[in-house]
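Residue strings, one per chain:
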Amino acid sequence: MTNKLTEALRGLLPRSLRMRLLVFLLAAIVLAGAVQGALAYRGALDEADALFDYHMQQTALALRSGLPVDAQGLGPGLDPEDENHEFIVQVWTNEGLRIFESAVGAALPQIAVLGFANVQARGGTYRVFSMQTRSQVIQVAQNMAARRDMARSLALRTLAPLAIMAPLLVLAVWWGVSRSLAPVERVRRQLAQRQADDLSPVSDAQLPDEVQPLVSELNLLFERVQRAFDAQEHFVADAAHELRSPLAALRLQLQGLQRAADDTARAAAIERLSAGIDRATRLVEQLLTLARQEASTPTTEPVDLRAVAQLALADVAPAAQARSMDVGLLDSDAATVPVTVRGNAEALRMLARNLLDNAIKYTPPGGQVDLQVRREDGRAVLTVEDSGPGIAPEHRERVMQRFVRETSEGAPGSGLGLAIVQAIAHAHGATVVLGTSPRLGGLLVTVRFG
């Protein structure tokens, strides 16, 4: 029931932020005016009661010696139209005989309570002050309606300036709300005038503090979308450039298979075609992997880097065995202490696997490849070193680019392995440094996190 009522109330509110602010502010002004009116009326009524009570007391005191002790009868005969029934004065003897009344027919019942009391009479409520002298009882009464009328008049006079200022206040509120929302309207116009491919940041100058985080998040979204678009463009360009040669090679190998004169030539052509298909498949997989890593934002879950390294070693074990290579995890004194980083476990496994795969491909058969995970100065470090030919210092920065290879002849590859490693490391806030292994003499790749 409460949820339905809340939804109904939300449906009644205008969807415009400007109109909502105006509705709430004007409702607050009306409520404040009503509260002020009620307080002014209550205060004016209290002041009127105090003032009239004082006057009634003074009137009674003035009459203490105004009538003879043995006076008899009623007050002077006045025209009924001129008589005042709102303010009445009565004088009684101690024996209960009314000897004076200020208006004919306006008599109020004698009450035994001295001082102030409220009496129901003549269809209304009267405020009565009674005072006893040695021989008389003087009563002064006033109709409470007169007091209420005066209090109402005083309250209205108090609220009159507010009523006059209300239109000006409404205009001031409208101007203030419109002025405050002007930067938001400026941002709306900027976005409305943009082309579909314009993902430049939106200016957040002079924006309210409540709106500035929204625009900041919008700019971050534009940045992520721009990065995804750039990755897509790079992927299309790279795919178009790099797939041209493998596809042409596959066509030539297919033609060679078709022209094979005997079974031996046909078998060799089939083997070359199968190898070409494998290379093209590997190239497409690496292109897709690189595009995904450049465009995606990794999750930030805790990942045990040593466990990831062990899984990567298991992935490359068949290739290492085929080349009779010694590939393993180099243990340190703190090997039992987990090395945890925040990121995506599958992406980090791909990083380690690509480094191991490159080392196995470019190291001669029978060589050695070692992988190590450790903590250094409080930061997680993953290293892969091999006994291969390594990379000359002047070429190390260049090989991190796409489709660049500095390898020995005959080593398979597309030049994307280190580019994928670089993309994954960048997404995890890590750095990749190439060097020379002091133990094995080949390439040393150091990935430093944090």
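Located above this text is the structure these notes cover.
Summary of the structure given here. (Residues numbered from 1 in each chain as written. Predicted model: local features only at pLDDT ≥ 70, side-chain atom pairs only at ≥ 80, totals over all residues. Heavy atoms only, no water.)

**A short note on the sheet that holds strand β5 (residues 136-143)**
Right, so step 1: Read from one edge to the other, the open sheet built from 5 strands follows the order β2-β1-β5-β4-β3, with strand pairing classed as antiparallel. Here the strands that pair on one side only, and so sit at the sheet edges, are β2 (98-101) and β3 (115-121). Ignoring which end each strand starts from, the neighbouring axes of this sheet average 25° apart.
Right, so step 2: The strands that helix α3 (residues 144-192) touches are β4 (124-132) and β5; relative to β5, the one it contacts most, it runs at about 45°. (Pairing = 2+ DSSP bridges. Helix = DSSP H or I, 4+ residues; strand = E, 2+ residues; numbered from the N terminus. Axes fitted to C-alpha atoms, helices over the stretch in contact; angles between N-to-C directions. Contact = heavy atoms within 4.5 Å.)

**Re the packing of helix α8 (residues 345-362) against helix α9 (residues 417-427)**
Right, so step 1: Across the interface, α8 lies against α9 with an axial gap of 9 Å and an inter-helix angle of 150°. Here α8 is positioned roughly antiparallel relative to α9, judged by the angle of their axes. Considering the relative orientation of α8 and α9, their crossing is left-handed. Between α8 and α9, the residues in contact are A347, L348, M350, L351, N354, L355 and N358 and G417, L418, I420, V421, I424 and A425, respectively.
Right, so step 2: Here the residues of the contact of α8 with α9 are counted per class, giving 10 nonpolar, 3 polar and no charged. (Parallel < 35°, antiparallel > 145°, perpendicular 65-115°, else oblique. Left-handed = near helix turned anticlockwise from the far one by under 90°. Nonpolar A, V, L, I, M, F, W, Y, C, P; charged D, E, K, R; others polar.)

**Some thoughts on the sheet that holds strand β11 (residues 431-436)**
Right, so step 1: Spatially, β7-β9-β10-β12-β11 is the arrangement adopted by the 5 strands of the open sheet, whose pairing is mixed. Each edge of the open sheet is held by one strand with a lone partner, namely β7 (326-329) and β11. Sheet twist, expressed as the mean angle between neighbouring strand axes with direction ignored, is 15°.
Right, so step 2: Two elements, strand β10 (residues 379-386) and strand β12 (residues 443-448), share 5 bridges in a ladder whose sense is antiparallel.

**Details of unusual backbone geometry**
Right, so step 1: At S324, a residue that is not glycine, the phi angle is positive and equals roughly 55°.
Right, so step 2: Tracing the backbone shows S324 in the loop between α7 (305-322) and β7.
Right, so step 3: For S324, a relative accessible area of 57% gives the class exposed.
Right, so step 4: Of note, the phi angle at D377 is positive, near 55°, even though the residue is not glycine.
Right, so step 5: Assignment of secondary structure puts D377 in the loop between β9 (368-376) and β10. (Buried < 20%, exposed > 50% of the residue type's maximum accessible area, 1.4 Å probe, protein only.)

**Description of the side chain of D49**
Right, so step 1: Note that D49 resides in helix α2 (residues 17-62).
Right, so step 2: Those residues in contact with D49 that lie beyond four places of it in its chain are M144 and R147.

**Concerning α7**
Right, so step 1: Between its first and last C-alpha, α7 extends 26 Å over 18 residues, near the 26 Å set by a 1.5 Å rise per residue.
Right, so step 2: Taken as a whole, α7 carries its principal kink of about 45° at V316; the proline P318 stands between one and four residues after it.
Right, so step 3: Looking at α7, one finds that the buried residues are L305, R306, V308, A309, A312, L313, V316 and A320.
Right, so step 4: Against β6 (301-304), β7, β8 (340-343), α8, β9 and β10 lie the buried residues of α7.
Right, so step 5: Where α7 starts, the residue carrying a side-chain oxygen 3.2 Å from the main-chain nitrogen of R306 turns out to be D304. (Expected span 1.5 Å × (residues − 1). Bend = angle between axes of the 7 residues up to and from the residue. Polar contact = N/O pair within 3.5 Å; in protein donor to acceptor, adjacent residues only side chain to side chain.)

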